[in-house]
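The primary structure of each chain is shown beneath.
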Amino acid sequence: MAPTKKRNVSSKFNPKRTKIDIESIVEGILGSRKQANDVFDILEFLQSGKEKDVISAVSACGKLFSTLLERKDLFIGKLPGEDEALNGNYSAEEKYRIFMRHRYNSCVDMLLEHLSHEVHEVKENVLSCLMKFAASEGQHPLEDMDWSEHYSFPRQLIQLVVDNLLSKTTDNSLLISKFQENLEMEDVRYYVMSSIRLNVSAVMEKNKEAVLHVYQNNVFNLMSSINMPSQELELTNFMIKQEAKQEDWKATKLSDHKRGFEKMWLGFLKHKLPISMYKKVLVILHDSVLPHMIKPTLMIDFLTAAYDVGGAISLLALNGLFVLIHQHNLDYPDFYRKLYNLLEPSVFHAKYRARFFHLVNLFLSSSHLPVYLVAAFVKRLARLALTAPPTALLIVLPFIYNLIRRHPSCRVLIHKPTAEDEALEDAYVMDEEDPAHCRALESSLWEIKTLQKHYHPDVAKAAMLINTPLSVQEDDINEVLEITTHELMERDLKKSEMKSIPLEFETATELLRGADVLKQHFCLV
């Protein structure tokens with residue numbers, strides 16, 4: 001399908017034509033070639049200002065041109081110009097097909113423009129019509145080729161659809177969610193990934209690497225809506241069945257899908273992104289992207305750049321780095337130093353606090369870590385605990401105890417003998433960025449002793465545990481990772497059930513009677 005530059009359709013909609021029955025026009029055109037010129041009436045309806053007329057015209061175009069494609073009534077091969085067709089040596093049959101092929105191209109051009117229509121219902125109907133055309137073109141190609149040696153797929157039409165979905169000015173998230181149902185088809189998914197890669201490369205190069213918030217958000221929404229198969233046996237749903245060599249088609253091979261998926265994401269992430277986009281990407285990267293890449297280690301540049309940004313973005317980058325380090329043997333220099341410096345007061349208030357502490361717990365789970373490193377993390381957490389909210393303290397205190405359990409050499413932080421005349425000065429250097437030089441092992445956990453006077457009883461109780469020998473069994477911090485201030489208050493305000501008060505099991509019956517006897521006795525006396 002090659003769109004023409006001229007539509008040969010009036011740019012102004014004639015309101016008198018709204019009374020025309022579009023369905024009868026379609027039936028007339030399909031029933032008799034003498035009524036071929038009536039196709040202009042349908043195309044004029046596509047230019048109507050009324051959404052109902054546009055939707056009716058879209059439906060009519062879908063029926064008309066899909067039928068013409070099935071009948072092979074559209075010119076196949078390199079399309080000559082209309083003037084050339086009129087004056088050239090073409091038969092009446094060929095002239096009709098050339099004429100209708102030009103009308104089809106004009107229709108596609110109009111439909112693509114309507115993908116930016118202000119009414120969402122119009123856009124949805126247009127998108128469905130274009131994908132209907134794509135399916136028809138795939139089964140009845142408009143290129144003149146030997147299809148026993150080539151694979152039939154409307155790549156150009158899919159590219160045009162993707163180009164319009166990835167608007168630079170309009171948020172197409174709703175339309176992309178509608179388009180997602182087409183991505184369940186293996187061949188559509190494969191060629192859409194290729195189309196996205198080509199579009200991103202062209203647009204970002206043209207805009208000289210500028211940050212395009214709306215455009216990049218559309219690209220991310222479309223890429224994140226792609227659900228990759230995990231096994232080649234799952235590749236069974238195709239929009240187009242090839243006449244021959246179906247098994248050799250790249251769209252049928254999982255390795256080619258993964259390669260296209262990898263190139264698409266790498267092509268998008270190599271450009272400058274807005275801060276908000278970093279967060280969106282990092283949230284899904286470890287689950288939805290890395291497992292479907294052929295070489296996940298190619299993401300190291302993006303993840304290290306994100307890790308160096310700081311704040312919440314660095315916290316989120318830990319997920320991806322964890323996958324690369326533990327599953328792909330990535331050697332990341334100064335990883336623990338950077339992780340150490342992520343421990344700041346703001347981490348207790350971050351949206352991704354639970355995920356962060358879960359990952360830090362995994363990174364510090366090895367018993368082969370040097371003592372000075374673990375002690376540095378323990379001491380830094382203890383110092384930060386002095387200003388942390390109760391919900392964070394209920395995570396930090398068990399976290400510290402678990403680290404000491406794993407590394408008994410760190411118990412020196414609990415039992416720190418001091419001379420009577422020794423100055424009470426903490427040797428720990430909080431501002432030191434290198435955990436090897438922060439002098440944590442020369443210090444003690446006096447901060448936890450201080451927290452035993454905390455106003456919240458649960459925190460004070462947790463801090464008291466350091467006064468007793470720690471059990472061998474580690475505390476399960478997963479239960480408190482997601483706790484919120486509201487939940488903590490609700491738990492505190494909830495009334496405890498009244499316990500039964502122990503009473504005498506036999507009811508006293510002679511007590512008052514005995515008092516009356518004594519009274520009578522004293523009266524007689």
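Within an unreviewed UniProt entry, the label attached to the protein chain reads Nucleolar complex associated 4 homolog, and the organism entered is Iconisemion striatum. Here is the UniProt Sequence similarities (unreviewed entry) comment for the protein chain, exactly as written: "Belongs to the CBF/MAK21 family." The protein chain has a UniProt comment under Subcellular location (unreviewed entry) that states "Nucleus membrane".

Engineer: Looking at this structure, how should I read the overall build of the protein chain?
Structural biologist: What the protein chain contains, in helices and strands, is 22 helices and zero strands. Evaluated residue by residue, the protein chain yields a buried proportion of 48% over its 525 residues. A fraction of 75% describes how many contacts in the protein chain between residues 6 or more apart in sequence connect residues 24 or more apart. Surface summary for the protein chain: the accessible area is close to 28,300 Å², and the carbon and sulfur share equals 52%.

Engineer: Would you mind showing me how to read the UniProt feature "transmembrane region" (unreviewed entry) in the protein chain here?
Structural biologist: According to UniProt, the "transmembrane region" (unreviewed entry) feature falls on residues 356-378 and 384-404. This span, residues 384-404, is 81% helix and 0% strand, and a straight line between its end C-alpha atoms measures 17 Å.

Engineer: What is the right way to read the pattern of salt bridges from this model?
Structural biologist: Between side chains of opposite charge, a pair can form as their charged atoms come close. Enumeration according to the criterion identifies 16 salt bridges in this entry. Glutamate 186 serves as the salt-bridge partner of arginine 189, at 2.8 Å between the closest nitrogen and oxygen. Placement of the pair is arginine 189 and glutamate 186 together in helix H9 (residues 186-206), with a separation of three residues, close to one helical turn. In terms of burial, arginine 189 and glutamate 186 fall into one category: buried. One salt bridge in this structure joins arginine 383 and aspartate 426, with 2.7 Å as the shortest N-O distance.

Engineer: Mind showing me how you'd approach the side chain of threonine 391 here?
Structural biologist: Tracing the backbone through its elements, the reader meets threonine 391 in helix H18 (residues 390-406). Reaching out from threonine 391, the side chain makes a polar contact with the side chain of arginine 353 at a distance of 3.5 Å. Apart from the residues within four sequence positions on either side, threonine 391 is in contact with Arg353, Ile483, Thr484, Thr485 and Leu488.

Engineer: In this structure, what is going on with helix H13 (residues 300-307)? I would like to understand it.
Structural biologist: For an α-helix, 3.6 residues make a turn, and residues three or four places apart therefore share a direction. With six of its eight residues buried, H13 lies for the most part within the structure. Every buried residue belonging to H13 is among Ile300, Phe302, Leu303, Thr304, Ala306 and Tyr307, and all of these are buried.

Engineer: Looking at this structure, I do not really get the packing of aromatic side chains. What am I missing?
Structural biologist: Geometry of an aromatic ring pair is reported as the spacing of the ring centres plus the angle between the planes. All chains considered together, the criterion is met by 21 aromatic pairs. On the numbers, 5.6 Å between centres and 80 degrees between planes, the contact of tyrosine 340 with phenylalanine 377 is edge-to-face. Placement of tyrosine 340 in helix H15 (residues 335-341) and of phenylalanine 377 in helix H17 (residues 371-385) is noted, with a sequence separation of 37 residues between them. Residue tyrosine 340 is classed as buried on the basis of its relative accessible area, which comes to 0%. Residue phenylalanine 377 is classed as buried on the basis of its relative accessible area of 0%. The ring centre of phenylalanine 99 lies 4.8 Å from the NZ or CZ of arginine 103, which sits over that ring.

Engineer: So what exactly am I meant to see when it comes to the packing of helix H5 (residues 92-114) against helix H6 (residues 120-139) here?
Structural biologist: Remark: H5 packs on H6, axes separated minimally by 9 Å, with the N-to-C direction vectors making an angle of 140 degrees. Comparing their axes, H6 and H5 come out oblique. At the point where H5 passes H6, the crossing takes the left-handed sense. Across the interface between the two elements, Tyr104, Cys107, Val108, Leu111, Leu112 and His114 from H5 touch Lys123, Val126, Cys129, Leu130, Phe133 and Glu137 from H6. Of the residues that constitute the contact of H5 with H6, the class distribution is nine nonpolar, one polar and two charged.

Engineer: Sorry, what's going on with the environment of tryptophan 446 here?
Structural biologist: Note on placement: tryptophan 446 falls in helix H19 (residues 446-451). Measuring from C-alpha to C-alpha, the distance between tryptophan 446 and lysine 379 comes to 9.7 Å, with 67 residues separating the pair along the chain. Ignoring anything within four residues of it in the chain, the contact list for tryptophan 446 reads Lys379, Arg383, Leu386 and Asp426.

Engineer: I tried to follow the environment of aspartate 171 on my own but got confused; where do I start?
Structural biologist: One can find aspartate 171 in the loop between helix H7 (155-165) and helix H8 (173-179). Residue aspartate 171 is classed as partly exposed on the basis of its relative accessible area of 46%. Between the C-alpha atom of aspartate 171 and that of asparagine 221, which follows or precedes it by 50 residues, the distance is 9.9 Å. Residues within four places of aspartate 171 in sequence aside, it is in contact with Val214, Asn217, Asn218 and Asn221. Within polar-contact distance, the side chain of aspartate 171 engages the backbone nitrogen of serine 173 at 3.1 Å.

Engineer: What is the right way to read the packing of H5 against H7 from this model?
Structural biologist: At a closest axis distance of 10 Å, the pairing of H5 and H7 adopts a crossing angle of 25 degrees. In terms of orientation, H5 and H7 fall into the roughly parallel class. Where H5 crosses over H7, the handedness of that crossing is right-handed. Residues Tyr104, Val108 and Leu112 of H5 lie in contact with H7, whose contacting residues are Leu157, Leu160, Val161 and Asn164. Residues belonging to the contact of H5 with H7 are distributed by class as follows: six nonpolar, one polar and no charged.

Engineer: Please clarify how the confidence of the model for the protein chain should be interpreted in this entry.
Structural biologist: In regions of low pLDDT, the predicted coordinates are not meant to be interpreted in detail. When pLDDT is averaged across the protein chain, the result is 85; 87% of the residues are at 70 or more. By mean pLDDT, the top-scoring element of the protein chain is helix H10 (residues 213-224) (95), and the lowest-scoring one is helix H22 (residues 511-524) (55). Low pLDDT, under 50, characterises residues 1-7; the stretch is placed with 29 contacts to residues that sit more than four places away or in other chains. Low pLDDT, under 50, characterises residues 15-19; the predicted model gives this stretch six contacts beyond four residues in sequence or across chains.

Parameters and conventions
- Residues numbered from 1 in each chain as written.
- Predicted model: local features only at pLDDT ≥ 70, side-chain atom pairs only at ≥ 80, totals over all residues.
- Heavy atoms only, no water.
- UniProt positions renumbered as here; feature names shortened; annotations may be inferred.
- Helix = DSSP H or I, 4+ residues; strand = E, 2+ residues; numbered from the N terminus.
- Buried < 20%, exposed > 50% of the residue type's maximum accessible area, 1.4 Å probe, protein only.
- Contact = heavy atoms within 4.5 Å.
- Areas by Shrake-Rupley, 256 points an atom, 1.4 Å probe, with all protein chains shown as cover.
- Salt bridge = Lys/Arg side-chain N within 4 Å of Asp/Glu carboxyl O.
- Polar contact = N/O pair within 3.5 Å; in protein donor to acceptor, adjacent residues only side chain to side chain.
- Phe/Tyr/Trp six-rings, centres within 6.5 Å; stacked < 30°, edge-to-face > 60°.
- Lys NZ or Arg CZ within 6 Å of the ring centre and 35° of its normal.
- Axes fitted to C-alpha atoms, helices over the stretch in contact; angles between N-to-C directions.
- Parallel < 35°, antiparallel > 145°, perpendicular 65-115°, else oblique.
- Left-handed = near helix turned anticlockwise from the far one by under 90°.
- Nonpolar A, V, L, I, M, F, W, Y, C, P; charged D, E, K, R; others polar.
- pLDDT = per-residue confidence, 0-100.

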